[in-house]
Amino acid sequence: MNSINYDAVKAATSKSRALTAAEVEEFGRKIEAIRSETMAKIGKEDSDYVYKVRNFVRYSEIASRGMLMFGGWIPPVWLLATAMLGVSKIVENMELGHNVMHGQFDWLNDPSLNGANYDWDTVCTGEDWKYTHNYMHHTYTNVIGKDHDIGYGVMRMTRGQKWEPRFLFNVPIGIALSTGFEWLLALQRLELEQLLDGRKSLKEVYVQSRNLRQKMLRQFGKDYVFFPLIAGPMFLPVIAGNFVANLIRNYWSSAVIYCGHFTEDAEMMEDNTENETKAEWYLRQIRGSSNFTGGRIIHFMSGNLSHQIEHHLFPDVPANRYQEMAPKVRAVCAEYGQNYNSASFAKQFASVWVRLAEHSLPDQMVDRLINAKRGIAAKLKGIVARAA
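Residues numbered from 1 in each chain as written. Predicted model: local features only at pLDDT ≥ 70, side-chain atom pairs only at ≥ 80, totals over all residues. Heavy atoms only, no water.

*Asks:* Got a sec to walk through the overall build of the protein chain? Specific residues and values, please.
*Replies:* A tally of helices and strands in the protein chain yields 17 helices and 2 strands. Here the C-alpha radius of gyration of the protein chain, 23 Å, is about what a compact globule of 388 residues would show, namely 21 Å. In terms of principal-axis extent, the alpha carbons of the protein chain reach across some 75 × 55 × 50 Å. In the protein chain, of all internal contacts separated by at least 6 residues, the share reaching a separation of at least 24 is 72%. Surface summary for the protein chain: the accessible area is close to 18700 Å², and the carbon and sulfur share equals 64%. Averaged over its 44 positive side-chain charges, the protein chain has a centre that lies 5 Å from the centre of its 42 negative ones. (Helix = DSSP H or I, 4+ residues; strand = E, 2+ residues; numbered from the N terminus. Rg over C-alpha atoms; globule rule 2.2 N^0.38 Å. Contact = heavy atoms within 4.5 Å. Areas by Shrake-Rupley, 256 points an atom, 1.4 Å probe, with all protein chains shown as cover. Lys, Arg positive; Asp, Glu negative; His and termini not counted. Charge placed at Lys NZ, Arg CZ, Asp CG, Glu CD.)

*Asks:* Please give an account of the side chain of N99 that cites residues and values.
*Replies:* Tracing the backbone through its elements, the reader meets N99 in helix α4 (residues 75–101). A relative accessible area of 2% means that N99 is categorised as buried. When sequence neighbours within four positions are dropped, the list of residues in contact with N99 reads M94, Q104, G303 and A319. (Buried < 20%, exposed > 50% of the residue type's maximum accessible area, 1.4 Å probe, protein only.)

*Asks:* Provide a residue-level description of unusual backbone geometry, including the pertinent values.
*Replies:* Within the chain, Y152 stands out as a residue other than glycine whose phi angle is a positive 55 degrees. On the secondary structure map, Y152 appears in the loop between α5 (126–139) and α6 (170–179). Residue class for Y152 comes out buried when judged on its relative accessible area of 10%. Despite not being glycine, N304 has its phi angle at roughly 65 degrees, a positive value. Assignment of secondary structure puts N304 in the loop between α13 (296–301) and α14 (308–313). Take N304: its relative accessible area is 3%, and that puts it in the buried class.

*Asks:* Summarise the nonpolar core; cite the residues concerned and give the values.
*Replies:* Counting residues in each nonpolar core, the largest one holds 43 residues, and the members touching the most others are L96, Y152, M155, M157, Y258 and F262. Of all the secondary-structure elements, those providing two or more residues to this core are α3 (44–71), α4, α7 (181–186), α10 (210–230), α11 (235–261) and α16 (345–358). The biggest single contributor to this core is α4, with 6 residues. When near neighbours in sequence (up to four residues on either side) are disregarded, L96 contacts V50, V53, R54, V57, V91, L113 and Y118. The next biggest cluster of nonpolar side chains, apart from the first, holds 23 residues, and it includes A279, W281, I309 and C333. (Core = buried A, V, L, I, M, F, W, Y, C linked by side-chain atoms within 4.5 Å.)

*Asks:* Describe the side chain of S47, naming the residues involved and giving the relevant values.
*Replies:* Relative to the helices and strands, S47 is located in helix α3. The exposure class of S47 is buried, given its relative accessible area of 11%. There is a polar contact of 2.9 Å between the side chain of S47 and the backbone oxygen of K44. For S47, the contacting residues outside a window of four places in its chain are W107 and L108. (Polar contact = N/O pair within 3.5 Å; in protein donor to acceptor, adjacent residues only side chain to side chain.)

*Asks:* Break down the pattern of salt bridges for me, citing the residues and quoting the values.
*Replies:* Here the structure, examined in full by the defined rule, presents 26 salt bridges. As a salt-bridge pair, K15 and D265 come within 2.9 Å of each other at their nearest N and O atoms. Of this pair, K15 sits in the loop between α1 (6–12) and α2 (21–39) while D265 sits in the loop between α11 and α12 (278–287), and the two are 250 residues apart along the sequence. Take K15: its relative accessible area is 56%, and that puts it in the exposed class. Residue R166 pairs with E164 through a salt bridge whose shortest N-O separation is 2.9 Å. Classification of R166 by relative accessible area gives partly exposed; the value is 37%. According to the relative accessible area criterion, E164 is partly exposed, its value standing at 33%. (Salt bridge = Lys/Arg side-chain N within 4 Å of Asp/Glu carboxyl O.)

*Asks:* Now, about the confidence of the model for the protein chain: what can you tell me, with residues and values included?
*Replies:* Any segment with low pLDDT has predicted coordinates that should not be analysed in fine detail. Scored by pLDDT, the protein chain has a mean of 91; 94% of the residues are at 70 or more. Contacts of residues 1–10 to residues separated by more than four positions or lying in other chains number 19 contacts, the stretch itself having pLDDT below 50. (pLDDT = per-residue confidence, 0-100.)

*Asks:* Help me get a handle on the environment of F314, residues and values and all.
*Replies:* Tracing the sequence through the fold places F314 in the loop between α14 and α15 (322–335). Between the alpha carbons of F314 and G260 there is a distance of 15 Å; along the sequence they are 54 residues apart. For F314, the contacting residues outside a window of four places in its chain are I31, I34, R35, Y322, M325 and V329.

*Asks:* Describe in detail the packing of α2 against α12, supporting the description with residues and values.
*Replies:* Here α2 crosses α12 at 80 degrees, and the two axes come no closer than 8 Å. In terms of axis orientation, α2 runs roughly perpendicular to α12. Mapping the contact onto sequence places V24, E25, F27, G28, I31, E32 and R35 in α2 and K278, A279, E280, Y282, L283 and I286 in α12. (Axes fitted to C-alpha atoms, helices over the stretch in contact; angles between N-to-C directions. Parallel < 35°, antiparallel > 145°, perpendicular 65-115°, else oblique.)

Structure representation (structure tokens):
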């Protein structure tokens, strides 16, 4: 049987049609017009929203920590308080910290909501996050060899990455990354794969990690030393509640991120960014991103990253505007034959693990499985035809 070049097949059967240079530029102008129209409306509605979000985070954390300290020995109280603290951490990270650090609310001139100053409730330092995420990821979205978010250097996401035996563990590594998401994502700036292959020394990693080590100590001290100690006899319920709340945040945050970047239809690209126009950049953001559908709670709990396409297109636009922008972006995509990758959360999440499983195997093995599947399908079709 002939080997199947999966990426060539993917390109040939892409759900997005190829555009001429003129079409790309016109496409870009229409996307830019959506941004300009939205930014012209930014004002009190958006400021009211972000202050409400901040109040929600503050009061939900105070309430949940208070319940753990004074009633954590009562199982229903512990469960409610732990779940509430998990939600508070999710909203602080995704709808407040992530969006504020993109500079979405710098126009308020409020130092506490300025992207350069904000320090969020997670292990990763703001400085590291703004480099790996705001700069590298959003500039080189899904560009192989430049966007470290493609598998975070430990998972294989495309045939553009050479297969190695370690990728057999794609799926368990994905699960482990979700479990320790707060801690493992914080290591991204260190690019530890360079330590493993000899491009970086242990001393270089140690020096580079100075600020990260300080932040890790602060976060660990807050959740697993300070609050448990001041709880006195409630030490165990508090430390257990903090641990589980962090797990809740880790699993949900990683699921949202995976669904926005790792679905089967999210395209990975070779590096052609040197002479890339803004319109071509817009096109790459759409082809490399995924949305998932849901109600207001889903959008709120995901920091509106349920609209990952819009976030990649407009990272500096307040995220609470993405819902109203999405239908306009989708209409432009339909006009130009570009796939607007959106489906239910369950479907997108399942497709992530299919992709991880597929790329965990050597390409030749996947080719044989594809050919075998096609052969079985052809035989079944023949049997049905004969029976008819």
